[in-house]
Amino acid sequence: MARLNSSLGHYVALLATVTVIAGGILAAVYFQSIGEPQAAEVLLGGALAKIFLAFLLIATAGVGVLSVTSMRAVNESAVDIRTNWLPSIRLLSEMKIQFLSYRSILRSHFLELSAEGKAAAEKRMDASSKAIVKIRQDYEKVITSPEERALYNDLVKQWTEYETGVQELVALSRASVGKYPTEAQQLNEAKYLAIGQKADAILNKDIELNNKGADDAGAAADKQYGSAFLWLMIIIAAAAGV
């Protein structure tokens, strides 16, 4: 947007300069032709033709410059959305899905009464944990702001604390083969469930931050396009008036 405004400023300054020069030319023609009507007509006609051509060239150049500048500004916003905000939103959404999957597997571990069933659940839980680590590594590469980095650090802290607690819950569940692990369930509800929910809240806040960033970039592109379109209409109307 700043580039667009700068280009408009330069264009308006150029137009004002040409207007002053055109006024000077017409004044010179007027004073030179005082008392010579026929000469005045010839000189004035030639001067007006040159002035018209100059305004036409400036208008054409203005349309070209504004078009290129506005397209560049809109493209920058599109690139920002495509390379920054959308990858972050996608990765955070994948992380949220894995968080839910991890908890679901933990509940399955509680419900499994056989040692084989609990061992299978632990394998699935380990795979989910590795998937979360991979998503986190990818997401770390696309973090762009201090606010986003702070949210991510808080998220990692909460989730690490939750996963550490889950190992305690799994150990209690594993020791309860043949019966429901009531002790593990009670400990989860009393302590670790709240930690997991806090991690969810931070993750949702991070997703909202990136959604807002994408919305702001889109709104900036709309504003840039609208401003450029308005100025193009003004330039075309001015050229038509000349």
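Residues numbered from 1 in each chain as written. Predicted model: local features only at pLDDT ≥ 70, side-chain atom pairs only at ≥ 80, totals over all residues. Heavy atoms only, no water.

Draft legend 1. Molecular detail of the overall build of the protein. When its secondary structure is counted, the protein shows five helices and zero strands. Sequence-ordered secondary structure for the protein, helices as α and strands as β, is α-α-α-α-α. For the protein, the residues scored as buried account for 36% of the 242 residues in total. Of the contacts made within the protein by residues no fewer than 6 positions apart, 79% connect residues no fewer than 24 positions apart. Accessible surface, the protein: about 13,900 Å² in total, of which carbon and sulfur atoms supply 64%. (Helix = DSSP H or I, 4+ residues; strand = E, 2+ residues; numbered from the N terminus. Buried < 20%, exposed > 50% of the residue type's maximum accessible area, 1.4 Å probe, protein only. Contact = heavy atoms within 4.5 Å. Areas by Shrake-Rupley, 256 points an atom, 1.4 Å probe, with all protein chains shown as cover.)

Draft legend 2. Broad picture of the nonpolar core. In terms of nonpolar packing, the biggest core is built from 32 residues, with Leu106 and Tyr162 touching the most fellow members. Taken together, the elements giving at least two residues each to this core come down to α2 (37-111), α3 (115-140), α4 (146-174) and α5 (182-241). Sorting elements by how many residues they give to this core places α4 first, with nine residues. Apart from the residues within four sequence positions on either side, Tyr162 is in contact with Tyr102, Arg103, Leu106, Tyr192, Ile195 and Gly196. (Core = buried A, V, L, I, M, F, W, Y, C linked by side-chain atoms within 4.5 Å.)

Draft legend 3. Here's a closer look at the packing of aromatic side chains. This structure, assessed with the given rule, holds five aromatic pairs. An aromatic cluster is defined as three or more aromatic residues linked by ring pairs; in this entry it consists of Phe99, Tyr102, Trp159 and Tyr162. (Phe/Tyr/Trp six-rings, centres within 6.5 Å; stacked < 30°, edge-to-face > 60°.)

Draft legend 4. Main features of the pattern of salt bridges. Taken as a whole and judged by the stated rule, the model has five salt bridges. With a closest N to O distance of 3.2 Å, Glu94 and Arg90 form a salt bridge. Residue Glu94 and its partner Arg90 are both found in helix α2; the two are separated by four residues, about one turn of the helix. Judged by relative accessible area, Glu94 falls into the partly exposed class, the value being 32%. The exposure class assigned to Arg90 is partly exposed, which follows from its relative accessible area of 46%. Put simply, Lys130 and Asp126 hold a salt bridge, and the shortest N to O gap is 3.4 Å. Here the residue Lys130 and the residue Asp126 both occupy positions in helix α3, the gap between them amounting to four residues, near one helical turn. A relative accessible area of 41% places Asp126 in the partly exposed class. (Salt bridge = Lys/Arg side-chain N within 4 Å of Asp/Glu carboxyl O.)

Draft legend 5. Structural detail: α3. The end-to-end C-alpha distance of α3 is 37 Å, a good match for the 38 Å that 26 residues give at a rise of 1.5 Å each. Along α3, the residues that are buried comprise Gly117, Lys118, Ala121, Met125, Ser128, Ser129, Ile132, Ile135, Arg136 and Tyr139. (Expected span 1.5 Å × (residues − 1).)

Draft legend 6. Highlighting the side chain of Asn188. Mapped onto the secondary structure, Asn188 falls in helix α5. Every residue in contact with Asn188, bar those within four places of it in the chain, is listed here: Phe110, Leu169 and Leu193.

Draft legend 7. Focus on the environment of Ala131. Checked against the element boundaries, Ala131 lands in helix α3. Expressed as a C-alpha distance, the spacing of Ala131 and Phe99, which sit 32 residues apart in the sequence, is 9.9 Å.

Draft legend 8. Structural view of the side chain of Ser176. Among the secondary structure elements, Ser176 is positioned in the loop between α4 and α5. A residue is classified by how much of its surface remains accessible, and Ser176, at 11% relative accessible area, is buried. Beyond its immediate stretch of four places on either side in the chain, Ser176 contacts Lys118 and Pro181.

Draft legend 9. The arrangement of the environment of Leu91 in detail. Position of Leu91 among the secondary structure elements: in helix α2. Between the C-alpha atom of Leu91 and that of Ile132, which follows or precedes it by 41 residues, the distance is 9.9 Å. The contacts of Leu91, once residues within four sequence positions are left out, are Ile135, Asp138, Tyr139 and Val142.

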